[in-house]
Amino acid sequence: MASLLSTLLVPFTAPPLALGLLGIDLSITVAGLMARLALVVGLPLVVSLAIRQMAGPARLARWGGAVDGAVVLLVVLYGFGVMDGVLALLLAEPGLVLGGVALAFAGCLGLNPATALVFRPAGRRLSLSAGLLSGNRNMALYRR
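What this report covers is the structure whose coordinates are included nearby. Please read all numbers here as calculations on a predicted model, not as lab measurements.

**Focus: the overall build of the chain**
Now for step 1: Per the secondary structure count, the chain includes 5 helices and 0 strands.
Now for step 2: If you list the helices and strands of the chain from N to C, you get α-α-α-α-α.
Now for step 3: Counting only residues that meet the buried cut, the chain has 16% of its 144 residues in that class.
Now for step 4: Across the chain, contacts joining residues at least 24 apart in sequence account for 48% of those joining residues at least 6 apart.
Now for step 5: A total of about 10700 Å² of accessible surface is found on the chain, and carbon and sulfur atoms cover 74% of it.

**Considering the side chain of S127**
Now for step 1: For S127, the position within the fold is in helix α5 (residues 124-135).
Now for step 2: Overall, the relative accessible area of 5% leaves S127 in the buried class.
Now for step 3: In this structure, S127 is in contact with A116, F119 and R120, ignoring residues within four places of it in sequence.

**Focus on the environment of L45**
Now for step 1: Looking at where L45 falls in the secondary structure, it is placed in helix α2 (residues 30-83).
Now for step 2: According to the relative accessible area criterion, L45 is partly exposed, its value standing at 28%.
Now for step 3: Note: C-alpha distance between L45 and L8 (37 residues apart in sequence) is 9.1 Å.

**What to know about α2**
Now for step 1: Here α2 is 54 residues long, yet its end C-alpha atoms lie only 24 Å apart, well below the 80 Å a rise of 1.5 Å per residue gives.
Now for step 2: The sharpest bend along α2 comes to roughly 100°, located at G56, with the proline P57 sitting one to four residues further on.
Now for step 3: Looking at α2, one finds that the buried residues are L33, L37, V41, G56, G64 and V82.

Rules used in this analysis
- Residues numbered from 1 in each chain as written.
- Predicted model: local features only at pLDDT ≥ 70, side-chain atom pairs only at ≥ 80, totals over all residues.
- Heavy atoms only, no water.
- Helix = DSSP H or I, 4+ residues; strand = E, 2+ residues; numbered from the N terminus.
- Buried < 20%, exposed > 50% of the residue type's maximum accessible area, 1.4 Å probe, protein only.
- Contact = heavy atoms within 4.5 Å.
- Areas by Shrake-Rupley, 256 points an atom, 1.4 Å probe, with all protein chains shown as cover.
- Expected span 1.5 Å × (residues − 1).
- Bend = angle between axes of the 7 residues up to and from the residue.

Structural data, given as structure tokens:
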């Protein structure tokens with residue numbers, strides 16, 4: 001549930017941070033980026049809720065494994081699209097790509113324990129869950 005809520009907040013939190021605080025100069029406004037991210041996150045949510053409502057619990061239980069498999073396939077296909085051009089960029093600017101990978105790993109490995117420590121008073125299970133979620137966000141939403 002925490003992962004779902006934090007993903008739903010991305011369109012409202014990431015654009016102001018990326019464009020405002022970090023000083024990234026993109027040819028898009030904060031509102032434009034927020035709208036695009038809202039579509040990326042919101043449209044699949046609305047479609048999935050509509051399908052759930054139309055299918056009903058019995059049919060969902062019967063077809064759950066097939067749906068899970070289809071979702072995995074779609075995530076793989078999405079990954080192909082997100083990774084398009086990465087090899088060319090790696091060959092053209094290896095320092096930039098490897099630096100980005102190192103920064104992503106450092107952010108993940110740093111946020112996991114830091115968040116777990118902050119949430120430690122709330123209990124072991126909650127603190128470890130929050131730590132895992134804070135470092136392992138969907139970076140595909142931030143691809144340039």
